[in-house]
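Notes for the structure review
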Amino acid sequence: MTSPKQALAHPASSVEAAPGSQPGAARGADGRGTPPEGKGPWRSRLYRWDMKASPYVFIAPFFIIFGAFSLVPLLYTAWYSLHDVQLSSLDTQTWAGLDNYKNLLSSDFFWNALKNTFTIGLISTVPQLMAAIGLAHMLNYRLRGSTVWRVVMLTPYATSVAAATLVFTLLYSWDGGMVNWLLDFVGIDPINWRESDWGSQFAVSSIVIWRWTGYNALIYLAAMQAIPADLYESAAIDGANRWQQFLHVTVPQLRPTILFTVVVSTIGATQLFGEPLLFGGVSGSKGGSEHQYQTLGLYMYDQGWIIGNLGKASAIAWSMFLILLIIAAINLLVTRRLRKSQ
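In this text, all values refer to a predicted model and were calculated from it rather than measured experimentally. (Residues numbered from 1 in each chain as written. Predicted model: local features only at pLDDT ≥ 70, side-chain atom pairs only at ≥ 80, totals over all residues. Heavy atoms only, no water.)

**Considerations on the nonpolar core**
- Residues Ile133, Ala136, Tyr220 and Met224 are the most contacted members of the largest nonpolar core, which totals 13 residues.
- Within the residue set of this core, elements represented by two or more residues are helix 4 (108–140) and helix 8 (197–225).
- Residues within four places of Ile133 in sequence aside, it is in contact with Tyr220, Met224, Phe246 and Ile258.
- Counting residues in each nonpolar core, the second largest holds 12 residues, with Ala203, Val204, Ile207 and Tyr293 among its members. (Core = buried A, V, L, I, M, F, W, Y, C linked by side-chain atoms within 4.5 Å. Buried < 20%, exposed > 50% of the residue type's maximum accessible area, 1.4 Å probe, protein only. Helix = DSSP H or I, 4+ residues; strand = E, 2+ residues; numbered from the N terminus. Contact = heavy atoms within 4.5 Å.)

The structure is reproduced here in structure tokens:
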């Protein structure tokens, strides 16, 4: 206890605010502190400039890298798509307008590549996400060595495209491949996976499924662990078994996550390039001898770097970009409807 005389003898320090003063007054009005008094005006201006400019300096590297390696190439590709440009003579550019896009719309190879991209994307995306949900549901329960299984799920994603495709090429080999050996073991004739239409697309899709299923499973697992346990307890009290809880509790709660993975997988399927290129070997850029698994990415590579028509390749690149914009717009509409329904 201090007497009134002692309280008057010890004035309030700079840390203790005087009665009636606003909180934080000792640290400045903005809570960050103020420059020391008695210093020159240039230090005060330097302090203000530092407080205002520092956030922009911290985020500037991202925008510089994005502009140099993403925005400028994107705009330059748009400029190329409106010109007739050959790889052998980059300095010679002839204005073509929308002729490159018109040629694409009238090209059977473009529509074939678009169809192959859609079918391979469908074959690889649907089984991939269904298997990912199943694996995530299994890992969501308390299993022995759950951490080890999660690491195992992520291992295919960490494997390089070249290594994975090389292994699958050996598995689908016409002579001595394990897949044909298993088919012959059960009495089915061997399949020439590279030359077959559906066989080659299935083989390429299986590589994508193997690489990305574990990655999506971990995404679903994180979303499942965020579901409140009260929902499962209420469903169990109502007599729902685990399968019914999965259908009526887990899946509805995963709708935003499922939509996200569908969009990301669709974007990846639209840009599919490495797997079919390495799977085809010598004819990889053509997507097979009959272009049976040539995707839009392979078609762009073939036109730009094999044939040397950079103007048409740039038009293909921008066509892929427009397709991705359409996918993003559909995603936005579906997301809004889901929010309204909830």
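Let us keep going from here.
**Digging into the side chain of Gln292**
- Among the secondary structure elements, Gln292 is positioned in the loop between helix 12 (274–280) and helix 13 (296–307).
- Beyond its immediate chain neighbours, meaning those up to four positions away, Gln292 contacts Asn116, Arg194, Glu195, Ser196, Asp197, Ser200, Gln201 and Gly287.

**Regarding helix 5 (residues 146–158)**
- In this model helix 5 runs 19 Å from its N-terminal to its C-terminal C-alpha over 13 residues, within 8% of the 18 Å that 1.5 Å per residue would give.
- Every buried residue belonging to helix 5 is among Ser146, Met153 and Pro156, and all of these are buried. Looking down the long axis of helix 5, one finds its buried residues gathered within 80° of arc, a one-sided arrangement. Of the residues in helix 5, the exposed ones pointing more than 90 degrees away from the buried face are Thr147, Val148, Val151 and Ala158. (Expected span 1.5 Å × (residues − 1). Arc of directions from axis to C-beta.)

**Notes on the packing of aromatic side chains**
- Across all of its chains, the model carries 17 aromatic pairs by this definition.
- Seen in terms of ring centroids, Trp318 and Phe321 are 5.1 Å apart; in terms of plane orientation they differ by 75°. Their pairing is edge-to-face. Here Trp318 and its partner Phe321 are both found in helix 14 (residues 310–341), 3 residues apart, which amounts to about one turn of the helix.
- Here the aromatic cluster, defined as three or more aromatic residues joined through ring pairs, consists of Phe168, Tyr172, Trp193, Phe202 and Trp210.
- The ring of Phe279 carries Arg194 above its face, with NZ or CZ at 6.0 Å from the centroid. (Phe/Tyr/Trp six-rings, centres within 6.5 Å; stacked < 30°, edge-to-face > 60°. Lys NZ or Arg CZ within 6 Å of the ring centre and 35° of its normal.)

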